[in-house]
Amino acid sequence: MTKLVTIIGGSGFVGRYIARRMAQAGWRVRVATRRPSQHLQVRTYGVVGQVEPVLCNIRDEASLRAVIAGADAVINCAGILAESGKNRFADVQAEGAGRVARLAAEAGVAQLVQISAIGADAGSDSEYARTKAAGEEAVKAAFPNVVILRPSIIFGTEDQFFNRFAGMARFGPFLPIAEGNTMFQPVYVDDVAKVAAMAAQGTVPAGTYELGGPDVRSFRELMVMMLAEIRRKRVIINMPGFMARIVAWKLSAAQFLTAGLFTNTVLTKDQLRNLARDNVVSPGAKGFADLGVEPVPMELVLPGYLWRFRPAGQYTAIGESAKGLRRQG
């Protein structure tokens with residue numbers, strides 16, 4: 001019988017890439033999501049009936065137990081970058097992760113993969129980082145043979161990093177950022193999905209792996225690269241700490257005053273605390289090299305989706321080519 005994998009948070013950015021890879025490997029795939037009717041497109045990742053979105057909330061034990069039942073492997077991709085409504089860091093990233101691991105162990109699941117993040121640290125002043133670390137400990141306690149993946153910032157067609165700042169760059173002559181000297185090691189989403197799929201199929205030894213791309217660059221350097229790609233000249237303003245805190249406070253206040261109608265995903269105080277620390281692979285950490293995977297560089301991927309932010313969109317390249325022809329003439 002074809003093996004079954006349950007992907008918690010499988011309708012999210014990383015989860016969709018993992019679902020596609022598991023389907024290509026011939027597995028049946030349960031994409032566990034809070035809103036299955038909004039993610040019917042995942043069915044197209046495989047043949048009829050191979051990939052199915054199913055109702056699940058990581059905060060609800062009964063729904064988790066139902067989607068884990070009968071699975072040969074479970075991959076937990078659930079996580080949030082900012083709190084909103086009932087989705088709190090502790091509920092999703094700490095208690096939720098531990099709940100998934102406990103139920104997976106009870107159900108006799110063979111392989112468990114936990115998607116965490118570089119920077120997970122029980123001693124951090126960021127609640128995001130602390131709850132990621134708490135989730136890792138809870139998972140290891142319930143399922144000792146777990147594979148934990150800690151990616152740096154993830155890029156790809158639907159990312160919320162380059163797309164967000166490229167969108168901001170369309171308006172006005174300035175591009176404000178915070179903590180511009182912080183170092184990142186961006187990793188391609190499908191590289192993370194590839195390792196997660198390998199782990200779910202039992203070809204990755206248990207342990208923690210930090211996943212970073214081939215390039216380490218500062219936040220400001222990444223913005224310079226992005227602006228060059230979208231052919232826009234903007235003045236990058238690295239906001240002083242006090243100014244960044246004021247912006248974060250105002251945006252969070254707007255979320256509170258609108259009772260959640262506006263969700264602050266732009267900049268929060270907790271994100272500022274995270275931005276103050278480099279987000280790169282730790283010296284000596286296990287990673288892509290240990291798994292025989294060569295990560296894809298940003299230069300090969302960014303042009304494929306950032307072109308839409310250029311002044312003339314897909315026609316910008318045609319204009320540049322025409323200028324070259326005129327010069328030659």
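What counts, and where the lines are drawn
- Residues numbered from 1 in each chain as written.
- Predicted model: local features only at pLDDT ≥ 70, side-chain atom pairs only at ≥ 80, totals over all residues.
- Heavy atoms only, no water.
- Helix = DSSP H or I, 4+ residues; strand = E, 2+ residues; numbered from the N terminus.
- Rg over C-alpha atoms; globule rule 2.2 N^0.38 Å.
- Buried < 20%, exposed > 50% of the residue type's maximum accessible area, 1.4 Å probe, protein only.
- Contact = heavy atoms within 4.5 Å.
- Expected span 1.5 Å × (residues − 1).
- Axes fitted to C-alpha atoms, helices over the stretch in contact; angles between N-to-C directions.
- Parallel < 35°, antiparallel > 145°, perpendicular 65-115°, else oblique.
- Nonpolar A, V, L, I, M, F, W, Y, C, P; charged D, E, K, R; others polar.
- Pairing = 2+ DSSP bridges.
- Core = buried A, V, L, I, M, F, W, Y, C linked by side-chain atoms within 4.5 Å.
- Polar contact = N/O pair within 3.5 Å; in protein donor to acceptor, adjacent residues only side chain to side chain.
- Left-handed = near helix turned anticlockwise from the far one by under 90°.
- Phe/Tyr/Trp six-rings, centres within 6.5 Å; stacked < 30°, edge-to-face > 60°.
- Lys NZ or Arg CZ within 6 Å of the ring centre and 35° of its normal.
- Salt bridge = Lys/Arg side-chain N within 4 Å of Asp/Glu carboxyl O.

Novice: Which residues make up the overall build of the chain, and what are the values?
Specialist: Scanning the chain from terminus to terminus reveals 12 helices and 13 strands. By the compact-globule yardstick of 20 Å for 329 residues, the chain fits well, its C-alpha radius of gyration being 21 Å. Viewed in the frame of its principal axes, the chain has a C-alpha envelope of about 70 × 50 × 45 Å. Per-residue burial for the chain yields a buried fraction of 49% across its 329 residues. Within the chain, counting contacts between residues at least 6 apart in sequence, those at least 24 apart form 76% of the total.

Novice: Quick one: what's the story with helix H8 (residues 241-257), residue by residue and with numbers?
Specialist: For H8, built from 17 residues, the straight-helix expectation of 24 Å at 1.5 Å per residue is met to within 8% by its first-to-last C-alpha distance of 24 Å. Listing the buried residues of H8 in full gives Ala 244, Ala 248, Ala 253 and Gln 255. Looking at the buried residues of H8, the elements they touch are strand S8 (174-178), strand S13 (235-239) and helix H9 (269-275). Downstream of H8 by one or two residues, Ala 259 has phi in the positive range, about 55 degrees.

Novice: Can you lay out the packing of helix H3 (residues 89-106) against helix H4 (residues 127-142) for me, pointing to particular residues and giving the numbers?
Specialist: Axes are the key here: two packed helices are described by the angle between their axes and the distance separating the axes. Running from N to C, H3 and H4 cross one another at 10 degrees; their axes reach a closest spacing of 8 Å. When the interaxial angle is binned, H3 and H4 end up roughly parallel. In this structure, H3 contributes Phe 89, Ala 90, Gln 93, Ala 94, Ala 97, Gly 98, Ala 101, Arg 102 and Ala 105 to the contact, and H4 contributes Glu 127, Tyr 128, Thr 131, Lys 132, Ala 134, Gly 135, Ala 138, Val 139 and Ala 142. Residues belonging to the contact of H3 with H4 are distributed by class as follows: 11 nonpolar, 4 polar and 3 charged.

Novice: Explain helix H1 (residues 13-24) to me, using residue names and the numbers behind them.
Specialist: Every α-helix carries 3.6 residues per turn, so stepping three or four residues along brings you back to the same face. Here H1 spans 18 Å end to end across 12 residues, near enough to the 16 Å set by a 1.5 Å rise per residue. Among the 12 residues that make up H1, 9 are buried, leaving the element largely enclosed by the rest of the structure. For H1, every residue scored as buried is listed here: Phe 13, Val 14, Gly 15, Arg 16, Tyr 17, Ile 18, Ala 19, Met 22 and Ala 23. Packed against the buried residues of H1 are strand S1 (4-8), strand S2 (28-33), strand S3 (51-55), strand S4 (73-76), strand S7 (154-155) and helix H6 (189-200). Trailing H1 by a residue or two, Gly 26 shows a phi angle of about 95 degrees, which is positive.

Novice: I'd like to hear about the sheet that holds S4, residue by residue, with values.
Specialist: Strands sit in the order S3-S2-S1-S4-S5-S6-S11 across an open sheet of 7 strands; the sheet is parallel. Each end of this open sheet is capped by a strand with a single partner; those strands are S3 and strand S11 (207-211). Along the sheet, successive strands turn relative to each other by an average axial angle of 20 degrees, direction set aside. With 4 bridges joining them, S4 and strand S5 (residues 111-115) adopt parallel strand pairing.

Novice: Residues and numbers for the nonpolar core, please.
Specialist: Judged by nonpolar contacts, the single largest core of 70 residues is most densely connected at Phe 162, Met 223 and Met 226. Looking at this core, the element that brings in the most residues is H6, giving 9 residues. Setting aside anything within four residues of it in sequence, one finds Met 223 in contact with Phe 161, Phe 165, Leu 175, Ile 177 and Ile 236. Formed by 23 residues, the second largest nonpolar core is a distinct cluster that contains Leu 4, Cys 56, Leu 64 and Ile 68.

Novice: How would you sum up unusual backbone geometry? Please name residues and give values.
Specialist: Positive phi outside glycine occurs at Glu 179, with the angle close to 55 degrees. Within the element layout of this structure, Glu 179 appears in the loop between S8 and strand S9 (183-184).

Novice: Help me get a handle on the side chain of Ser 124, residues and values and all.
Specialist: Tracing the backbone shows Ser 124 in the loop between S5 and H4. Within the local environment of Ser 124, its side chain forms a polar contact with the backbone nitrogen of Ser 126, the two atoms lying 3.0 Å apart. Not counting residues within four places of it along the chain, the set of residues in contact with Ser 124 comprises Ala 129, Arg 130 and Arg 277.

Novice: Would you mind going over the packing of helix H2 (residues 61-68) against H3 in detail, with residue names and values included?
Specialist: Contact pair H2 / H3: the axes reach a minimum separation of 10 Å and the direction vectors enclose 45 degrees. Viewed along their axes, H2 and H3 adopt a mutual orientation that is oblique. Judged by the twist between their axes, the crossing of H2 over H3 is right-handed. The segment H2 lies against H3, with Glu 61, Leu 64, Arg 65 and Ile 68 engaging Arg 99, Val 100, Arg 102, Leu 103, Ala 104 and Glu 106. Its residues placed into classes, the contact of H2 with H3 shows 5 nonpolar, no polar and 5 charged.

Novice: Describe the packing of aromatic side chains, with residues and values.
Specialist: Applying the stated criterion across every chain, the model contains 10 aromatic pairs. Put simply, the rings of Phe 155, Phe 161, Phe 162, Phe 165, Phe 184, Tyr 188 and Phe 219 pair up and form one aromatic cluster. Over the ring of Tyr 17 we find Arg 20, and its NZ or CZ is 5.4 Å from the ring centre. Note that Arg 20 overlies the ring of Tyr 45, its terminal NZ or CZ placed 4.3 Å from the centroid.

Novice: Residue-level account of the pattern of salt bridges, with values.
Specialist: Using the criterion set out here, one finds 15 salt bridges in the structure. We note a salt bridge from Arg 150 to Glu 210, for which the minimum N-O separation is 3.3 Å. Highlighted residues: Arg 150 in strand S6 (residues 147-151) and Glu 210 in strand S11, separated in sequence by 60 residues. Glu 210 sits in the buried class, given a relative accessible area of 7%. Here the residues in one salt-bridge network are Glu 61, Arg 65, Arg 102 and Glu 106, joined through shared partners.

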